[in-house]
Amino acid sequence: IKVDNKNIEIILIDDASTDNSKKICKIYKKKFTFIKYIYNKKNLGVSVSRNKGIKKSKGNYILFLDSDDQLSSNSINYILNVIVNSSIDYYFIKSRLLNQKNIDHNEVFVKNFKYRSFFSHIRNLNKFRATCWNFLIKKSFITKHKIYFENIRVFEDQIFVAKILFFSKSFTILNKPIYERRIH
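The structure reproduced in this document is the subject of the present report.

Conventions and cut-offs
- Residues numbered from 1 in each chain as written.
- Predicted model: local features only at pLDDT ≥ 70, side-chain atom pairs only at ≥ 80, totals over all residues.
- Heavy atoms only, no water.
- Pairing = 2+ DSSP bridges.
- Helix = DSSP H or I, 4+ residues; strand = E, 2+ residues; numbered from the N terminus.
- Right-handed = clockwise from strand over helix to strand, strands pointing away.
- Buried < 20%, exposed > 50% of the residue type's maximum accessible area, 1.4 Å probe, protein only.
- Contact = heavy atoms within 4.5 Å.
- Lys, Arg positive; Asp, Glu negative; His and termini not counted.
- Salt bridge = Lys/Arg side-chain N within 4 Å of Asp/Glu carboxyl O.
- Polar contact = N/O pair within 3.5 Å; in protein donor to acceptor, adjacent residues only side chain to side chain.
- Phe/Tyr/Trp six-rings, centres within 6.5 Å; stacked < 30°, edge-to-face > 60°.
- Lys NZ or Arg CZ within 6 Å of the ring centre and 35° of its normal.

**What about the pairing of strand 1 (residues 10-14)?**
Now for step 1: Two elements, strand 1 and strand 2 (residues 35-39), share five bridges in a ladder whose sense is parallel. Bridging across to strand 2, Ile-10 finds its partner in Ile-35.
Now for step 2: Since strand 1 and strand 2 lie parallel, the crossover through helix 1 (residues 21-31) that links them has a hand, and here it is right-handed.

**Comments concerning helix 3 (residues 75-82)**
Now for step 1: All of the buried residues in helix 3 are Ser-75, Ile-76, Asn-77, Ile-79 and Leu-80.
Now for step 2: Looking at the packing, one finds that the buried side of helix 3 touches strand 3 (61-63), strand 4 (70-71), strand 7 (135-138) and strand 8 (171-181).

**Here's the deal with the side chain of Asp-69**
Now for step 1: Along the polypeptide, Asp-69 turns up in the loop between strand 3 and strand 4.
Now for step 2: Buried and unpaired, Asp-69 has Arg-182 as its nearest opposite-charge partner, separated by 5.3 Å.
Now for step 3: Separated by 2.8 Å, the side chains of Asp-69 and Tyr-179 make a polar contact.
Now for step 4: Only 2.9 Å separates the side chain of Asp-69 from the backbone nitrogen of Arg-182, close enough to count as a polar contact.
Now for step 5: Each residue touching Asp-69, except ones within four places of it in the same chain, is listed here: Tyr-179, Glu-180, Arg-181 and Arg-182.

**Details of unusual backbone geometry**
Now for step 1: A positive phi angle is found at Asn-99, which is not glycine, with a value near 65°.
Now for step 2: Summarising the element assignment, Asn-99 is placed in the loop between strand 5 (90-97) and strand 6 (103-104).
Now for step 3: On the basis of relative accessibility, which here comes to 74%, the residue Asn-99 falls in the exposed class.

**Points about the packing of aromatic side chains**
Now for step 1: One pass over the full model with this rule turns up 17 aromatic pairs.
Now for step 2: With a centroid separation of 5.9 Å and 75° between ring planes, the pair formed by Tyr-90 and Phe-118 is classed as edge-to-face. One end of the pair, Tyr-90, is in strand 5; the other, Phe-118, is in the loop between strand 6 and strand 7, and 28 residues separate them in sequence.
Now for step 3: The class of Tyr-90 is buried, set by a relative accessible area of 0%.
Now for step 4: Judged by relative accessible area, Phe-118 falls into the buried class, the value being 3%.
Now for step 5: Their ring planes at 65° and their centres at 6.0 Å tell us that Phe-118 and Phe-128 sit as a pair that is edge-to-face. Of the two residues, Phe-118 sits in the loop between strand 6 and strand 7 while Phe-128 sits in the loop between strand 6 and strand 7, which places them ten residues apart along the sequence.
Now for step 6: Counting every residue linked through ring pairs, the aromatic cluster contains Tyr-90, Phe-92, Phe-118, Phe-128, Phe-135 and Phe-171.
Now for step 7: Seen from the ring of Tyr-148, Lys-55 lies directly overhead, with NZ or CZ sitting 5.1 Å from the centre.
Now for step 8: Lys-176 extends its terminal NZ or CZ atom over the ring of Tyr-78, reaching a point 4.7 Å from the ring centre.

That is the geometry; function is a separate question.
Okay, structure coming up:
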């Protein structure tokens, strides 16, 4: 990890993994002072684990990263430059499939920001994926509106994202894709 500014924190949450994740997380925690490690003694699921991360976080903005995905190179520095002195509730982040150049716009396009609703930037609501990792969210916004993940095992993102879109007053769409995802 190369970061020009150490003003970040990374929270690794091990949800009672059965592989070498615990060992790997501990190695990174020793190597980097800005990494926190949370180990769940029993599998609690993604919703409870993400809520633990939100509550333990100290940063101004939160970005979720699934265990099989990654951020593109220089993405952390890019984010830090974007959010300097920001008061925006959230940023919508575009992604791409790992090792591919095509940007996944997730049916979201940028047009004149005179439109106050995020929904006016969605091309097709039926094809829009409400995934939490598409959003960089202000922590104070999350806590003010008590936006946490419901303790369910599938589609937990959709409820979480719906609450973000409902309560938000300000947003911006980042054109540069910084999230790289895998499809299994």
